[in-house]
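# Structural description and commentary
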Amino acid sequence: MLKLNFNHTMRLRLLLLILILGLLLVVCWFWYEKQLRALDQQLRQRQQQVENNP
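Residues numbered from 1 in each chain as written. Predicted model: local features only at pLDDT ≥ 70, side-chain atom pairs only at ≥ 80, totals over all residues. Heavy atoms only, no water.

## Structural notes on a nonpolar patch on the surface
A cluster of nonpolar side chains, contributed by L14, L17, I18, L21 and L24, occupies part of the molecular surface with about 510 Å² of accessible area. Following the sequence through the fold, L21 ends up in helix α1 (residues 2-52). (Patch = residues over 30% accessible without salt bridge, like charges linked within 9 Å, V, L, I, M, F, W, Y side chains within 5 Å. Areas by Shrake-Rupley, 256 points an atom, 1.4 Å probe, with all protein chains shown as cover. Salt bridge = Lys/Arg side-chain N within 4 Å of Asp/Glu carboxyl O. Helix = DSSP H or I, 4+ residues; strand = E, 2+ residues; numbered from the N terminus.)

Written out as structure tokens, the structure is:
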């Protein structure tokens, strides 16, 4: 009984760890996308400035 219970708690902890890691990955991905968009926008603005001021 105790062994089964221990196994169950370990499984729950593993599941929780996987869930937290997945959440962290999603947050990191969204942040990465945001940074990429900001960088892209800056590059486009610079390109427009170069085209406007030859």
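More follows now that the structure is in view.
## Examining the pattern of salt bridges
Under the counting rule described, the total for this entry stands at 2 salt bridges. E33 is paired through a salt bridge with R37; the nearest N and O atoms lie 3.8 Å apart. You can see E33 and its partner R37 sitting in helix α1, 4 residues apart, about one turn around the helix. Linking R44 and D40 is a salt bridge whose minimum nitrogen-to-oxygen distance equals 3.2 Å. A residue pair is termed a helical-turn pair when its members lie 3 or 4 positions apart in one helix, as R44 and D40 do in helix α1 at 4 residues.

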